[in-house]
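Next come the chains, spelled out residue by residue.
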Amino acid sequence: MTRRGSRARARAAVAALLCGAHIACTAPAAAEAVPLFDGTLSGWSIENTGAGNIAVRDGVLRVEAPAGWLRSAAVYGDFRLRVEFRFLTDDADSGIFVRAVADGVFGRGWPANSYQVQLRNPLGESPFPPVGGIFRHGKPPGETRFDAERAARTSLGTGEWQTLEIEVMGSELEVRLNGTMLTHAAGIENPSGYVGIQAEAGALEFRAIEIEELGDLAARPTTARAADGSFISWRERIVDDETIGGVPLRGSDGLVMADLDRDGHLDIVSVHESDDRYDGAPEGHIRIAFGTADPTVWRSITVAEGPEAGAAEDVAVGDVNGDGWLDIVAACELAHLIYLQNPGRGARDAPWPRLIPAATRGRGSFIRVFLADLNGDERLEVVTANKGAQDPRRARQEPKPISFFALTGDPLDDVSWREHVLTKVPWPINSQPVDLDGDGDLDVVAGSVAERRMLWFENRSRGESFDFVEHPVAIEPAVPSADEVFVHAFNMEFVDLSGDGRLDIVTFDTPPLVGRRLLWLEQPARLGEAWRYHVIGSYAPDSLVGLSVADIDGDGDPDVMTGGYSLSPRDSDEPTPDASLGRLAWYENRGADGWARHDFSRRQRGMFDKFVAVDLDGDGDVDFAGTRGNSGAYDGVFWLEQVRTAEPRAAFQRARTHDSPEVPLP
């Protein structure tokens, strides 16, 4: 996490990412809070006590020693619970049970399969945590962050009314006392259960208890807030898809933004594999959406399609031929690179001259492509990785090249393309240029899926020659951990999160191909030392694939936008138990308080492979352009408009009336 003293460096790093990255329906109604306590015990049952210690007096619920609990009549899954209470005695000790399963008891008749949020007065002496602490009764341990000192400072005196808020969403739980965050707990297992109030010691009173069921992620009111106090929600806007462009886009993957026609508006170049499954057919589309003064209006054209864009996977833009106009290079999984030369003033209407370099034809499966000046001669090299086959799981895992092509002349001339191989590894997945060591030239960071490792190539090139030295990216935990973590650089962002002036790497761990946890790797001070990994947060049960670093909430710290990879059928919304689904979420950097994940959409279908952070509507906050795949006719290009309001709105407003359905987190 970024230390507050390093915000200037963080802002500069985020700005560099923004500038140099790979160079109308009604919102769903928000759920409403409903009272669980109406001044009577209607809707509740008293469990395991007959001592009269749980009772209502003058419309106020009083709970005191010695035993038992008050159980809700209904069970709840994802919800936000708000309780107004006060301690009547200094030794008051109670708790709120959530997702309690009434299949056994412990202690003085309390539910043995439950999670308990403490309601203990900090003024009393006890070995147990004060208000806000967590107990996991009959459940395995899990990650818990609880600030007991903050709880003691925040809690009001005996006899004063206070507000406790508990939010349970999926496998995570958060607790706020009087508006102050106290607790974040992960690994909450029971998908649903009763809400209850414990009777243990001393006495407490409750005058209000209300619950808001949160349902799907898009419909629930956002709790994410910007630095200015406003609430952050998101509105989806479609740039290019089958309905708008008339082209059956499928398998949308890589995306870059740049002003290709030099009209002062950013354009979007996107690539599309054009299939719903790996069928080996060399089809694809390379599209340009030309921007206008209105970010909701785009004019899209196809610059390459069919076999010449066969399973197009990634794309880069840059002035390759030195004429002042930005050209395009795309990586195609079937099975070459293609260079598209900008015709200049006629970029929107004239044909784009092209070349599939002979040195790349039939070369397996190009998975990544970047343009970078590696030796400082003001000419761009084409940096790429070739994974060998569109689906390497079904192919022999022989080493394949991570390489770059130097252009010695006209890029439309085959003889100009000269390949330089950096290394060969089984199933290479990335080859991203970045000045990792801060010496002023561009290094290359790469990875191998088959070997589940990362490596980087230190650039020592001078003049016309090229010279690179390979280094491993060995990792170790930042804190003692029994977890085994593997990274292979499928997607990466580079930013100084430690505040030491060195670029760190934001990526994800990879049990399979895509990730279940978002990580950042802290660059060591000396070459050869291990990179320490820090867990930003879990993505389970979904699989993480796309990510982009930007200051989303405007507080000067880098946050992270993420997208999931759905593994359910791509051409239908048939429910698939336990499958990863198409989630959108961002991680808020809270500095010393860690990270908070804000989920705002989880659709049955959707692969969100690429994001570019940019203020598209010019309102001063960060929006995101992206691609969506794995979802049939919903595939294509979109952008997420960040919306800030004084009051919370639904977290996400979909662009389409009909779309793949939203699915709650389990």
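That block above? That's the structure.
Residues numbered from 1 in each chain as written. Predicted model: local features only at pLDDT ≥ 70, side-chain atom pairs only at ≥ 80, totals over all residues. Heavy atoms only, no water.

Visitor: Explain the pairing of strand β3 (residues 54-57) to me, and be specific about the residues and the numbers.
Guide: Along any regular strand the residues' side chains alternate between the sheet's two faces. As paired elements, β3 and strand β4 (residues 60-64) share four bridges and run antiparallel to each other. Within β4, the position partnered with I54 by the bridge is V63. Linking β3 back to β4 in an antiparallel pair, the connection comprises two residues, with D58 at a positive phi of about 55°. (Pairing = 2+ DSSP bridges. Helix = DSSP H or I, 4+ residues; strand = E, 2+ residues; numbered from the N terminus.)

Visitor: Residues and numbers for empty space enclosed by the protein, please.
Guide: The gaps left among the atoms become clear once a water-sized probe is rolled over them. In this structure, the largest cavity spans a volume of roughly 190 Å³. Of all the secondary structure elements, the ones that give two or more residues to the lining of the largest cavity are β11 (162-169), β12 (172-177) and β41 (595-603). Class assignment for the residues of the lining of the largest cavity results in three nonpolar, two polar and eight charged. In this structure, the second largest cavity occupies an estimated 70 Å³ of space. Forming the boundary of the second largest cavity are R220, T222, T223, A224, I232, W234, W586, H598, D599, F600 and A651. Looking at the lining of the second largest cavity, the elements with two or more residues in it are β16 (231-241) and β41. No other element matches the three residues that β41 contributes to the lining of the second largest cavity. Taken together, the residues of the lining of the second largest cavity sort by class into six nonpolar, three polar and two charged. (1 Å grid on protein atoms, 1.4 Å probe; cavity = no way out; pocket = protein on both sides within 12 Å on 5 of 7 lines; lining within 4 Å. Points joined across faces, edges and corners; volume = space filled by probe spheres on them. Nonpolar A, V, L, I, M, F, W, Y, C, P; charged D, E, K, R; others polar.)

Visitor: So what's going on with the sheet that holds strand β24 (residues 354-355)? Which residues, and what values?
Guide: Here four strands make up an open sheet; going across it, the order is β21-β22-β23-β24 and the pairing antiparallel. For this open sheet the edge positions go to β21 (312-318) and β24, each flanked by a neighbour on one side alone. As paired strands, strand β23 (residues 336-340) and β24 are joined by two bridges and run antiparallel to one another. Note on β24: the bridge partner recorded for Y339 is L355.

Visitor: Lay out the pattern of salt bridges in plain terms, naming residues and giving numbers.
Guide: For the coordinates displayed, the defined rule picks out 47 salt bridges. The salt bridge partner of E167 is R80, with a shortest N-O separation of 3.1 Å. Highlighted residues: E167 in strand β11 and R80 in strand β6 (residues 79-87), separated in sequence by 87 residues. Each member of the pair, E167 as well as R80, carries the same accessibility label: buried. Between E212 and R80 there is a salt bridge whose closest N-O contact spans 3.0 Å. Taken together, the residues span a long stretch of sequence, with E212 in strand β15 (residues 203-213) and R80 in strand β6 at a distance of 132 residues. A single burial state applies to E212 and to R80, both of which are buried. In this structure, a network of salt bridges that share partners links the residues E172, D542, R583, R597, D599 and R602. (Salt bridge = Lys/Arg side-chain N within 4 Å of Asp/Glu carboxyl O. Buried < 20%, exposed > 50% of the residue type's maximum accessible area, 1.4 Å probe, protein only.)

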